[in-house]
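# Structural characterization, general
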Amino acid sequence: AQFDRLGVFSYSDEDSSASFALDAKVGARDIYDRKRKLMAIQRKISRAHNRALVGRELPVLVEGPSPDSDLVWQARLTTQAPGIDGVCYISDPGESPLEAGQIRRMRITKAHDYDLTGELTDVPGDFAVPGSLIAPPPALVQIRSALPAR
């Protein structure tokens, strides 16, 4: 079994927990080594998972300029929790200006341990659903067009 995403934290002995009174505590060095080993295994799993995404086009939520550089914008997939998981870096925004909050389509071009890099492949406003930048499935368009006008 593998986890797509995994976070590991070091055990912290709290006097309010039942385990506080237990003997044979694990030493700080062992805790550190176990955490490092687990995260090294997970890093390889995450990198392999991200590499499998290279070449795919996926919807992303544009968040805004990266905290590291105003020249690079970042976004996230529906599977990336903000502040916890990796992010998607937009290497090529295309011709259309970026705005935080947009849902855009990104082709993944590069995989990192936890982050992805890609280029936007859509043009805002080219889609049938007002306010959406992702094309709806044809069945949804048919349902919407069959609704009576208000």
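Residues numbered from 1 in each chain as written. Predicted model: local features only at pLDDT ≥ 70, side-chain atom pairs only at ≥ 80, totals over all residues. Heavy atoms only, no water.

For the structure shown, the criterion picks out 10 salt bridges. Ionic pairing is found between R104 and D122, a salt bridge with its closest N-O pair at 2.8 Å. Taken together, the positions of R104 in strand 4 (residues 103–111) and D122 in the loop between strand 5 (116–120) and helix 2 (138–146) put the pair 18 residues apart, joining distant regions of the chain. Relative accessible area serves as the criterion here: at 0%, R104 is assigned to the buried category. (Salt bridge = Lys/Arg side-chain N within 4 Å of Asp/Glu carboxyl O. Helix = DSSP H or I, 4+ residues; strand = E, 2+ residues; numbered from the N terminus. Buried < 20%, exposed > 50% of the residue type's maximum accessible area, 1.4 Å probe, protein only.)

Turning to the sheet that holds strand 5, a few remarks are in order. Around the barrel, 5 strands lie side by side as 1-2-3-5-4; this closed barrel has mixed pairing. Pairwise comparison of adjacent strand axes, ignoring direction, gives a mean angle of 55 degrees for this sheet. Sheet topology note: the strand 1 (residues 57–66)/strand 2 (residues 69–76) ladder contains 5 bridges and is antiparallel. Across the sheet, the residue bridging to G64 is Q74, located in strand 2. (Pairing = 2+ DSSP bridges. Axes fitted to C-alpha atoms, helices over the stretch in contact; angles between N-to-C directions.)

Along any regular strand the residues' side chains alternate between the sheet's two faces. By the criterion of burial, strand 5 is predominantly enclosed, with 4 of the 5 residues buried. Where strand 3 (residues 88–92) and strand 5 come together, 4 bridges link them in parallel fashion. In the sheet register, D92 faces strand 5, and the bridge partner there is E119. As paired elements, strand 4 and strand 5 share 5 bridges and run antiparallel to each other. Across the sheet, the residue bridging to R107 is E119, located in strand 5. Counting the residues that bridge the hairpin from strand 4 to strand 5 gives 4 residues.

Within the protein, residue pLDDT values average 84, and 83% of them lie at 70 or more. When the criterion is pLDDT under 50, residues 127–145 qualifies, and its contacts beyond four places in sequence or with other chains add up to 21 contacts. (pLDDT = per-residue confidence, 0-100. Contact = heavy atoms within 4.5 Å.)

Turning our attention to the pairing of strand 4. Relative to strand 4, strand 1 is paired through 5 bridges, and the arrangement is antiparallel. Bridge pairing in strand 4 places V60 opposite R104.

Topologically, Q102 is positioned in the loop between strand 3 and strand 4. For Q102, a relative accessible area of 13% translates into the label buried. At 3.1 Å, the side chain of Q102 and the backbone nitrogen of E99 are in polar contact. Within the local environment of Q102, its side chain forms a polar contact with the side chain of R104, the two groups lying 3.3 Å apart. (Polar contact = N/O pair within 3.5 Å; in protein donor to acceptor, adjacent residues only side chain to side chain.)

Formed by 15 residues in total, the largest nonpolar core has its most connected members in V60, L77, C88, I90, M106 and L116. Breaking this core down by element, the ones donating at least two residues are strand 1, strand 2, strand 3, strand 4 and strand 5. (Core = buried A, V, L, I, M, F, W, Y, C linked by side-chain atoms within 4.5 Å.)

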